Every structure is written in structure tokens, then in C-alpha cells.
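What follows is each chain in one-letter form.
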Amino acid sequence: MEPPESITLDAAEKIILRWDSTASEETTDRMIFDGDRREVDQYLQAVDEIQRSMSAATISDGDRKGNSTIQIAMARLEDEFRSILISNTSPLETDSLIDSSFSTHSSSINVHSGEFEEYPEDERVLRQVGESPKAGESSSRASASYRSTNSIRELDLIPAEAIDNLRCIAERMISAGYHHECVQVYGSVRKSAVDSSFRRLGVENLSIGDIQRLEWDVLEVKIRRWIRAAKVCVRILFASEKKLCEQIFKGLDTATDNACFIETVKGPAIQLFKFAEAISISRRTPEKLFKMLDLHDALLDLLPDIDAVFESESSESIRIQAAEILSRLAEAARGILSEFENAVLSEPSKVPVPGGTIHPLTRYVMNYINLISDYKQTLNELIVSKPSTGSRYSGDQTMPDMDFAEFEGRTPLALHLIWIIVILQFNVEGKSKCYRDNSLAHLFIMNNLHYIVQKAKGSQELREIIGDDYLKKLTWKYQQAATSYQRTTWVRVLYCLRDEGLHVSGSFSSGVSKSALRERFKAFNAMFEEVHRTQAMWHVPDSQLREELRISITEKLLPAYRSFLGRFRSHIESGRHPENYIKYSAEDLETAVLDFFEGYPVSQHLRRRSQ
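The model shown is predicted, which means the values in this text are computed figures rather than measured ones.

Colleague: Residues and numbers for the overall build of the protein chain, please.
Modeller: When its secondary structure is counted, the protein chain shows 22 helices and six strands. Burial status across the protein chain gives 48% buried among its 611 residues. At a minimum sequence separation of 6, the contacts of the protein chain that also span at least 24 residues come to 80%. Of the roughly 29,500 Å² of accessible surface on the protein chain, a fraction of 49% belongs to carbon and sulfur atoms.

Shown next, in the form of C-alpha cells:
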């Protein structure tokens with residue numbers, strides 16, 4: 001296109017005045033940049049001529065006239081600037097792209113049951129449509145420009161032609177000293193677009209107090225949404241806004257470039273990070289640890305991009321805010337772990353669980369530290385000191401203790417997890433004293449220590465952190481509890497099958513006292529029936545452990561019973577009503593043992609052999 005012919009000052013003033021929006025309704029409704037390009041170039045040339053003449057003139061009536069004309073021109077350019085921005089601005093569109101690379105820990109732990117709950121993760125992220133595709137142009141171009149939010153993706157928010165026009169206007173407004181007006185117009189329009197995108201992303205404008213008053217299950221959902229939204233905001237939305245500012249203002253005026261960007265995103269950025277800040281200073285409770293770690297990891301991952309997007313001196317406060325929130329989240333995580341240790345130690349329940357099964361506290365604690373192990377990489381960096389154990393409880397037999405020398409070379413995180421298990425074991429042993437039956441107390445300890453070992457072995461991460469040596473020590477302890485159970489229950493039962501007290505001797509004869517033998521069989525029957533009735537209602541939930549315990553019982557009981565029966569059966573069967581004393585065969589006892597530890601009552605009478 002040929003360059004426009006030069007124009008005189010008078011002609012320039014006429015062009016400016018013709019487009020005075022305050023003088024004519026016709027020109028108010030029309031935008032210069034919506035019309036013919038020659039008309040646009042002519043108006044810009046007129047503005048340039050007015051500015052040139054003003055810079056060359058001395059103070060005079062003509063200069064004052066020029067000032068009046070330039071004011072009219074700047075008001076017009078401000079309107080044109082606003083119109084171009086509005087007509088070419090559209091917010092981010094949502095629900096359009098699957099980001100297969102996005103993942104966070106999706107498990108949570110139920111405080112009351114101690115079990116895990118899985119949350120369905122909405123894997124979709126949000127894409128920018130920017131301008132509508134031109135006729136015949138595939139709309140996949142914009143969407144294909146990024147497939148994840150793992151790195152900065154600068155999108156073209158406004159078409160190149162519109163950017164050229166905006167730059168032409170900005171150059172003349174800044175040159176005429178109207179950079180503040182330019183910043184205000186730009187910021188108001190673009191901030192409105194960012195706010196609209198925030199709403200689509202689910203970023204709510206809540207106060208810190210509002211956030212902290214929300215129920216935790218509601219906050220968990222909001223945290224997951226915030227992490228997804230923060231990645232989009234920093235790496236796509238804010239980065240693209242920065243790129244747009246540079247496209248329009250770079251090289252014209254650095255201060256205006258930075259000011260337009262800050263004017264647009266500072267408020268939204270503060271709003272975005274306010275949510276994470278509210279979580280970081282909220283009350284510390286165990287169930288919050290994992291979502292705080294998710295927030296920490298997400299913010300740590302974003303921090304280099306935050307520094308890159310907000311690199312200017314004028315946006316330093318945003319960089320500082322993000323870094324301070326990250327630090328507070330780290331401190332909160334350390335504090336929660338310490339609070340959790342204290343909570344396990346002081347857990348007050350003294351009501352024995354029925355049947356000596358696994359205590360809810362044991363399930364909760366082991367599921368909790370199992371989930372902790374999933375965050376090993378993060379927590380190894382955050383947990384840098386050993387737990388406070390011996391220094392607090394030294395010499396106090398009512399408190400647990402731990403010899404650090406036994407775990408030399410282990411990470412502070414490993415020491416904390418082992419310390420939690422030490423506390424849990426101490427608490428379990430304390431709760432076992434609530435059982436009046438010592439056999440049941442030993443079974444309770446066995447069940448709970450076995451569960452601890454199995455949960456640790458079932459997680460490769462947790463097993464590596466705790467170490468096989470400590471797990472062998474715990475295995476030995478639950479095996480000792482199993483031995484103590486058997487000794488407490490079965491020594492007195494097997495005592496009935498001893499020979500002592502059955503033989504008599506006198507001046508005329510020697511042999512077996514049938515009356516003593518009948519009493520011995522009656523005592524054995526009554527005792528075994530009571531054990532069978534009681535211990536069928538006891539519960540060993542692990543099927544393998546339950547079977548091993550039954551086998552161990554039968555290996556001790558059946559040989560002793562068979563031997564006793566072999567030695568003394570004839571003395572009973574030669575008398576009256578032998579079935580009242582020899583009520584069970586060895587096979588009956590073996591069958592009866594299969595009822596043990598199932599956790600529900602059985603028939604009052606044992607199943608007996610066929611007569």
C-alpha cells in the first residue's frame with residue numbers, strides 16, 4: 001500500500017475535529033478502526049502532525065489550540081483502544097481438553113473409619129479459544145498449541161491485526177503523555193476478561209475467614225480444583241496476558257508495559273494465592289496433612305514459573321507472597337506431623353474392642369503413615385529433625401521411648417514414622433489392659449502388631465522407609481503375643497490331661513482311681529467347652545494368621561488328648577455311662593478348633609462323633 005500523502009496542520013486539525021465524539025452523534029456511534037484502512041491511516045497521520053507541530057512550537061495561542069486538539073484526539077484514541085480490546089477479548093473456555101499429564105494424590109483418609117476414600121479426579125483442563133477461527137480454518141490450531149499445564153504455554157489472546165492497531169494507538173497515547181489513561185483502559189478491559197476466566201476455572205473470591213469456616217470435606221474438593229486452576233492461571237492465563245502486554249507495549253515504554261500487566265493480573269493473582277494462604281494458616285489437624293502437601297507440591301512446582309511470569313520489580317510482591325505461602329505450608333506440614341504423634345500417644349479410648357480384633361486406632365494410624373510414605377520425596381525435604389522422644393520421656397515408665405542409636409543412618413522422616421509405630425504399639429499395649437481375660441489381651445496385641453507388620457510390608461515405600469530389621473522386631477513381638485495367648489489359655493486345659501493324681505496304691509491293690517479319672521475327664525470337657533464357646537467369638541481377622549494359630553493349637557492339644565485317651569479309655573469304658581466322660585474324639589476337638597476366632601457365637605454343644 002502506498003504511504004499516505006503528507007497533510008498540513010490545518011488539515012490535520014479538521015480531521016481530528018471531524019471525529020470529535022462530543023460534537024457529533026454520528027461519529028460517536030462509529031469507530032475509525034472499524035472502517036476503511038485509508039481512513040485509519042489518515043487519522044493517525046493527523047495525530048502525528050499535531051504532535052509534531054506541538055513539539056516544534058513555542059508557547060502561544062496556537063500551542064494552546066494544539067493542546068485542545070490533541071486532547072480531542074487522545075479521547076478519541078482512548079475510545080478506539082477500548083473498542084478494539086473489547087471486540088477482540090474472550091475468556092478462557094472450559095471443559096475442552098483432557099490433560100493426561102495432570103495428577104495429584106487422589107486418596108484421602110476418613111478420620112472416623114481409618115480407611116481410604118478415592119475421589120474421582122476431573123482430569124480436564126481449560127483451553128483458550130481466543131479469537132473465533134476464520135472461515136475454513138480449523139479450530140484445532142489453538143487447542144493443539146498446548147496439551148498440558150506442566151509448563152508455560154503463551155497463547156495468542158488477540159489477533160495480530162488487532163494487536164497492530166492497539167500498538168499504533170498506544171504509541172501515540174504514550175508519546176502524548178497519556179500513558180495513565182492507556183493503562184487504565186487496558187487494565188479495566190483485560191482484568192474483566194481474566195475475572196471471567198477465573199469464574200470459569202472455579203476460582204472463587206472468598207475471604208480468608210470464609211475459607212477457614214468451610215467444612216474440611218468441602219475444602220478438599222476446592223483444593224483439588226485450585227491446584228488445577230492455579231496451573232492454568234499461572235502457566236497459561238497470566239503468561240498469555242504478559243505476552244499480550246509485550247506485544248502491544250514492548251519498546252514503547254517499559255513502565256507502561258509492566259503497569260498494564262500488573263493492572264490486569266495483580267488483583268486476580270492475589271485472589272488466587274489467597275486461597276492457598278488461608279489453608280496454610282488454618283488450624284492444624286491430621287486429616288489436612290495430605291491436601292496441604294498437595295498444595296505445597298503444586299506451589300513448589302509453579303514457583304519457577306511464577307518467578308518467570310512476575311519477574312518485574314513492580315510484581316515482586318506476588319513472588320514474595322507465593323514464596324511465603326510455600327514456607328508456611330511446609331511449616332504447617334511439620335506441625336501437623338508433630339500434632340499427629342501427640343494425638344496417637346494420647347488417644348483416650350479405654351473401651352475394649354469386641355473379640356480382641358484390630359483397634360480402629362491401629363487401622364487409622366497405619367493407613368495414615370502408609371499415605372505419608374506416598375509423599376516420601378516431599379517429606380524427606382521438609383522433615384529435617386528427629387522426633388522429640390527420649391529427651392521428653394527419659395526415665396518415665398508411663399511413656400514410650402526410642403533408642404536412636406538402633407536406627408543410625410536413617411532419615412528424619414523414617415525416624416518419625418518408626419516413632420509413630422512405637423507410640424502406637426505402646427498405646428495398644430495400654431489398651432490391652434482393659435481386657436479382664438489375659439488370653440484375650442494377648443490375642444488383641446497379636447492382632448494389632450500383626451496388622452502393623454502386614455500394612456508396612458504391603459507398601460514398598462513404607463517398607464523401605466521403616467526397614468526390614470525393625471519389621472523383624474515387630475514380627476517377633478506379635479509371635480511372642482501369640483505364644484503368650486496359647487500359654488495362658490491352653491496350659492490350664494492341658495493340665496487336665498496329666499497323669500499326676502490318677503494313680504492310687506494300697507496294701508491290697510494298686511492302679512487308677514476311676515473316680516479321679518472321671519472327674520479329670522469332666523474337668524477337661526467343661527474347660528474345653530468353655531474355651532470353645534468363648535474363643536469362637538474372639539476374632540482374628542487375618543485368615544492366614546487365624547489358620548496358623550489353629551494349627552498351633554491342634555498340634556499341642558490333639559497329641560496330648562490322644563495319648564491321655566489311649567492310656568485311660570479302658571478304665572472309663574469298663575464302667576457305667578462312659579459317654580458322659582469320654583464325650584469327644586480327637587477328631588471332634590479338631591473340628592471344634594475350626595470354630596475358633598471367627599468372631600461369632602457357635603452352638604452351645606460341640607459337634608460329636610457318631611456313636
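Colleague: A description of the state of the cysteines should follow, citing residues and the corresponding values.
Modeller: In total, this model carries zero disulfides according to the counting rule given. Of all cysteine sulfurs in the structure, the one in C260 sits closest to C245, which takes part in no disulfide; the separation is 5.5 Å. Take C245: its relative accessible area is 0%, and that puts it in the buried class.

Colleague: Kindly report on the packing of aromatic side chains, identifying the contributing residues and their values.
Modeller: Scanning the model with the defined rule gives 23 aromatic pairs in all. Here Y435 and F444 contribute two aromatic rings whose centre-to-centre distance is 5.2 Å and whose plane-to-plane angle is 50°, an arrangement assigned as tilted. With relative accessibility at 8%, the residue Y435 sits in the buried group. For F444, a relative accessible area of 1% gives the class buried. These aromatic residues form a ring-pair network of at least three members: Y485, W490, F524, F528, W538, Y561, F596 and F597. The ring of Y495 carries the charged tip of R498 above its face, separated from the ring centre by 3.8 Å. Seen from the ring of Y581, R518 lies directly overhead, with NZ or CZ sitting 6.0 Å from the centre.

Colleague: Which residues make up the nonpolar core, and what are the values?
Modeller: F81, W226, F238, L272, F273 and I372 are the most contacted members of the largest nonpolar core, which totals 176 residues. It is helix α9 (residues 216-249) that provides the largest number of residues to this core, a total of 18 residues. In this view, F273 contacts W226, V234, L299, I306, I318, Q321 and I325; residues no more than four positions away in its chain are not counted.

Colleague: How would you summarise the confidence of the model for the protein chain if you had to cite specific residues and measurements?
Modeller: Per-residue confidence for the protein chain averages 83 on the pLDDT scale, and 83% of its residues sit at or above 70. Contacts of residues 116-147 to residues separated by more than four positions or lying in other chains number 71 contacts, the stretch itself having pLDDT below 50.

Colleague: Now, about the packing of helix α6 (residues 160-175) against helix α7 (residues 179-201): what can you tell me, with residues and values included?
Modeller: Axis separation between α6 and α7 bottoms out at 7 Å; the angle between their running directions is 140°. Between α6 and α7, the angle is such that the two are oblique. Together, A170, M173 and I174 of α6 and H179, E181 and C182 of α7 make up the contact between the two elements. Looking at side-chain class alone, the contact of α6 with α7 contains four nonpolar, one polar and one charged residues.

Colleague: I'd like a description of the pattern of salt bridges, backed by residues and values.
Modeller: Inspection of the entire model under this criterion finds 31 salt bridges. Of the charged contacts, one joins K243 and D156 as a salt bridge, the two residues approaching to 2.7 Å between their closest N and O atoms. You can see K243 sitting in helix α9 and its partner D156 sitting in the loop between α5 (140-143) and α6, a full 87 residues away along the chain. We classify D156 as partly exposed; its relative accessible area is 44%.

Colleague: Residues and numbers for helix α1 (residues 9-18), please.
Modeller: Residues that lie three or four places apart on an α-helix share one face, since the helix turns once every 3.6 residues. By the burial criterion, the buried members of α1 are A12, E13, I15 and I16. Along α1, the residues classed as buried sweep out an arc of 160° about the axis, all on the same side. Facing away from the buried side of α1, by more than 90 degrees, are the exposed residues D10 and K14.

Colleague: Please provide a residue-by-residue account of the environment of L413, values included.
Modeller: Relative to the assigned elements, L413 resides in helix α16 (residues 412-432). The exposure class assigned to L413 is buried, which follows from its relative accessible area of 1%. Considering only alpha carbons, one finds L413 and I466, 53 residues apart in sequence, at a separation of 9.4 Å. Apart from residues no more than four positions distant in its own chain, L413 is found in contact with I372, K376, L379, N380, I383 and I465.

Colleague: Tell me about helix α20 (residues 514-535), and name the residues and values.
Modeller: Its 22 residues give α20 an end-to-end C-alpha distance of 31 Å, which sits within 8% of 32 Å, the value for a rise of 1.5 Å per residue. Those residues of α20 that fall on the buried side of the exposure criterion are L517, R520, F521, F524, N525, F528, V531, H532, T534 and Q535.

Colleague: With reference to specific residues and values, describe unusual backbone geometry.
Modeller: Despite not being glycine, F597 has its phi angle at roughly 70°, a positive value. Residue position: F597 is located in the segment after α22 (586-593). Take F597: its relative accessible area is 0%, and that puts it in the buried class.

Colleague: Go over the environment of I572, please, and point to the residues and values.
Modeller: By the secondary structure assignment, I572 is in helix α21 (residues 543-573). Among the residues examined, I572 registers a relative accessible area of 3% and is labelled buried. I572 has contacts with L517, R518, F521, P578, Y581 and I582, leaving out every residue within four places of it along the chain.

Colleague: Describe the side chain of K242, and please don't skip the residues or the numbers.
Modeller: Along the chain, K242 falls in helix α9. Taking relative accessible area as the criterion, K242 reaches 14% and is therefore assigned buried.

Criteria and cut-off values
- Residues numbered from 1 in each chain as written.
- Predicted model: local features only at pLDDT ≥ 70, side-chain atom pairs only at ≥ 80, totals over all residues.
- Heavy atoms only, no water.
- Helix = DSSP H or I, 4+ residues; strand = E, 2+ residues; numbered from the N terminus.
- Buried < 20%, exposed > 50% of the residue type's maximum accessible area, 1.4 Å probe, protein only.
- Contact = heavy atoms within 4.5 Å.
- Areas by Shrake-Rupley, 256 points an atom, 1.4 Å probe, with all protein chains shown as cover.
- Disulfide = S-S within 2.5 Å.
- Phe/Tyr/Trp six-rings, centres within 6.5 Å; stacked < 30°, edge-to-face > 60°.
- Lys NZ or Arg CZ within 6 Å of the ring centre and 35° of its normal.
- Core = buried A, V, L, I, M, F, W, Y, C linked by side-chain atoms within 4.5 Å.
- pLDDT = per-residue confidence, 0-100.
- Axes fitted to C-alpha atoms, helices over the stretch in contact; angles between N-to-C directions.
- Parallel < 35°, antiparallel > 145°, perpendicular 65-115°, else oblique.
- Nonpolar A, V, L, I, M, F, W, Y, C, P; charged D, E, K, R; others polar.
- Salt bridge = Lys/Arg side-chain N within 4 Å of Asp/Glu carboxyl O.
- Arc of directions from axis to C-beta.
- Expected span 1.5 Å × (residues − 1).

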